[in-house]
Amino acid sequence: MKYTTFTAGVIVAAEDISEKVTWDEAMHELVDGWRLPTKSELALLYKQRKEIGGFDRASYWSSSKYDDHFAWTQSFNSGHQNYYSTSSTCLVRAVRDEY
């Protein structure tokens with residue numbers, strides 16, 4: 001997978017990994033060290049969205065769960081974080097730890 005930049009100690013994928021997927025699909029789709037960003041990492045990606053580039057004006061999954069049935073998301077339209085049902089669909093921008 002191509003990456004675009006380093007931010008907050010992580011490597012950020014250059015593009016979204018697929019169309020909108022459920023949280024469980026996103027968690028199983030990522031391989032080779034790529035993962036969903038945490039809620040706080042996703043907030044930093046939003047703040048640096050212009051420098052990183054390629055984000056849709058939509059919600060993106062984080063790896064952070066709210067409870068057993070909901071996970072945190074980041075809107076790249078409004079900038080707000082919210083929690084969605086894990087059966088909802090959102091976009092995914094993968095990250096991996098800097099080695």
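Let me sum up the structure you'll find in this document. (Residues numbered from 1 in each chain as written. Predicted model: local features only at pLDDT ≥ 70, side-chain atom pairs only at ≥ 80, totals over all residues. Heavy atoms only, no water.)

Description of the sheet that holds strand β3 (residues 59-65)
With antiparallel pairing, 3 strands are arranged side by side in an open sheet as β3-β4-β5. Each edge of the sheet is formed by a strand with only one pairing partner; in this case those strands are β3 and β5 (81-85). Between one strand axis and the next, the sheet turns through 40 degrees on average, direction left out of account. With 5 bridges joining them, strand β4 (residues 70-75) and β5 adopt antiparallel strand pairing. From the neighbouring strand, Ala71 faces β5, where its bridge partner is Tyr84. (Pairing = 2+ DSSP bridges. Helix = DSSP H or I, 4+ residues; strand = E, 2+ residues; numbered from the N terminus. Axes fitted to C-alpha atoms, helices over the stretch in contact; angles between N-to-C directions.)

Some thoughts on the pattern of salt bridges
Applying the stated criterion to the full structure yields 3 salt bridges. For Arg93, the salt bridge is made with Asp16, and the minimal N-O distance between the two is 2.9 Å. One end of the pair, Arg93, is in the loop between β5 and β6 (95-97); the other, Asp16, is in the loop between β2 (10-13) and α1 (23-29), and 77 residues separate them in sequence. Classification of Arg93 as buried rests on a relative accessible area of 0%. We note a salt bridge from Glu41 to Arg35, for which the minimum N-O separation is 2.9 Å. For Glu41, a relative accessible area of 15% gives the class buried. (Salt bridge = Lys/Arg side-chain N within 4 Å of Asp/Glu carboxyl O. Buried < 20%, exposed > 50% of the residue type's maximum accessible area, 1.4 Å probe, protein only.)

A look at the nonpolar core
Within the largest apolar cluster, 13 residues are counted, with the highest numbers of intra-cluster contacts made by Ala26, Trp34, Leu36, Trp61 and Val92. Secondary-structure elements contributing two or more residues to this core are β2 and α1. With near-sequence residues (within four places) excluded, Ala26 lies in contact with Val21, Leu36, Trp61 and Val92. Counting residues in hydrophobic clusters, the runner-up holds 12 residues, among them Leu45, Ile52, Phe55 and Leu91. (Core = buried A, V, L, I, M, F, W, Y, C linked by side-chain atoms within 4.5 Å. Contact = heavy atoms within 4.5 Å.)

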